[in-house]
Amino acid sequence: MANLLKVVFLGLIGFALLVFFTAEKPKQIVANENVVNIVKYDSLPSIFEIVGKEDKVKKEDLFKKDEDTLIVVGNHDSLAVVKELPKYFELTKPYVMVANISAAPWFVKKMFIPGKLEELNSGSNIPMIYDFEGEMVNVLNVTDNSKTKFIAFMLSKDGAISKLYEGEVKEGALDGSMTEEEKKKALTPLFDSLKNI
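These numbers come from a predicted model, not from an experiment. (Residues numbered from 1 in each chain as written. Predicted model: local features only at pLDDT ≥ 70, side-chain atom pairs only at ≥ 80, totals over all residues. Heavy atoms only, no water.)

1. Here's the deal with the pattern of salt bridges
- Applying the stated criterion to the full structure yields seven salt bridges.
- Here Asp 68 makes a salt bridge to Lys 93, at a shortest N to O gap of 3.7 Å. With Asp 68 in the loop between α3 (59-62) and β4 (69-74) and Lys 93 in the loop between α5 (85-88) and β5 (95-99), the pair connects residues that are 25 residues apart, well separated along the chain.
- Between Glu 182 and Lys 170 there is a salt bridge, with its nearest N and O atoms 2.9 Å apart. Residue Glu 182 is located in helix α9 (residues 180-195), and its partner Lys 170 is located in the loop between β8 (160-168) and α9; the two are separated by 12 residues in the primary sequence.
- Residue classification places Glu 182 among the partly exposed positions, given a relative accessible area of 28%.
- Through salt bridges with shared partners, a single network forms among Glu 84, Lys 87 and Glu 180. (Salt bridge = Lys/Arg side-chain N within 4 Å of Asp/Glu carboxyl O. Helix = DSSP H or I, 4+ residues; strand = E, 2+ residues; numbered from the N terminus. Buried < 20%, exposed > 50% of the residue type's maximum accessible area, 1.4 Å probe, protein only.)

The following block contains the structure:
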């Protein structure tokens with residue numbers, strides 16, 4: 001009986017080794033960055049909290065279905081510069097800013113950030129999404145939440161959202177560390193990318 005168990009055991013080990021060494025290795029799939037970053041309109045959250053507005057806004061009211069819309073995700077310093085886009089360039093497409101603040105501690109998001117964002121967006125008629133839970137940045141696959149980076153996406157008429165441009169501003173831009181020329185220079189590549197659409 002013991003010999004029979006040894007034979008069965010060795011047979012199983014031999015079969016496992018045979019399968020392991022002769023099995024074809026899985027093919028590695030390398031996705032194109034543009035494919036990875038394409039999201040559909042239907043994936044966006046259905047309602048948004050907008051900085052400076054009491055009531056939440058429906059997706060359909062913020063993003064019109066048959067219209068190209070620029071979406072710019074940023075944080076404190078970068079949004080302070082991005083909000084100046086219409087000041088330096090003539091925009092023909094509507095755009096929405098997304099405040100990427102979901103990584104901040106809960107009490108900071110509740111107590112300090114709303115007032116700061118209202119102050120930041122004062123005098124601007126550009127809607128700014130207060131992305132408290134990070135729903136928007138998760139859908140857009142934005143993992144970098146540094147203060148100086150911004151990432152631009154284009155929501156096209158057919159409902160596809162694709163990455164358009166990634167830029168950076170000087171640290172302290174919110175507090176005035178950038179001159180008007182530096183701001184314009186930081187936003188020029190984004191505007192040039194828009195012209196090609």
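2. Some remarks on the sheet that holds β4
- The six strands are arranged β1-β8-β7-β4-β5-β6 in an open sheet whose pairing can be described as mixed. Among the strands making up the open sheet, the edge pair consists of β1 (39-40) and β6 (128-130).
- In terms of strand pairing, strand β7 (residues 149-155) meets β8 through seven bridges, oriented antiparallel. Paired with Phe 150 across the two strands is Gly 167, which belongs to β8.
- Here helix α7 (residues 113-120) sits on the sheet in contact with β5 and β6, set at roughly 180° to β6.
- Contacts from α9 reach β4, β7 and β8 within the one sheet, and its direction differs from that of β8 by about 155°. (Pairing = 2+ DSSP bridges. Contact = heavy atoms within 4.5 Å. Axes fitted to C-alpha atoms, helices over the stretch in contact; angles between N-to-C directions.)

3. Quick notes on α9
- Its 16 residues place the ends of α9 22 Å apart at the C-alpha level, agreeing with the 22 Å of an ideal helix rising 1.5 Å per residue.
- Thr 188 marks where α9 bends most, by close to 35°; the proline Pro 189 follows one to four residues later.
- Among the residues making up α9, those that are buried are Lys 183, Ala 186, Leu 187, Leu 190, Phe 191, Ser 193 and Leu 194.
- If you follow the buried residues of α9, they end up packed against β4, α4 (76-82), α5, β7 and β8. (Expected span 1.5 Å × (residues − 1). Bend = angle between axes of the 7 residues up to and from the residue.)

4. Digging into the side chain of Lys 183
- Within the secondary structure, Lys 183 sits in helix α9.
- Summary of buried charges: Lys 183 has no salt-bridge partner, and the nearest side chain of opposite charge, Glu 180, is 4.1 Å away.
- Those residues within four positions of Lys 183 in sequence are excluded, and the remaining contacts are Val 81, Glu 84, Tyr 88 and Met 178. (Lys, Arg positive; Asp, Glu negative; His and termini not counted.)

5. Description of the pairing of β5
- In terms of burial, β5 is largely enclosed, as five of its five residues are buried.
- Along β5, one buried face is formed by Tyr 95, Met 97 and Ala 99 and the opposite face, lined by Val 96 and Val 98, is buried too.
- Examined bridge by bridge, β4 and β5 share five bridges and lie parallel to one another. By the bridge assignment for β5, Gly 74 is matched with Ala 99.
- Taken together, the three bridges between β5 and β6 define a ladder with parallel strand orientation. Among the inter-strand pairings, Val 98 is bridged to a residue of β6, identified as Ile 129.

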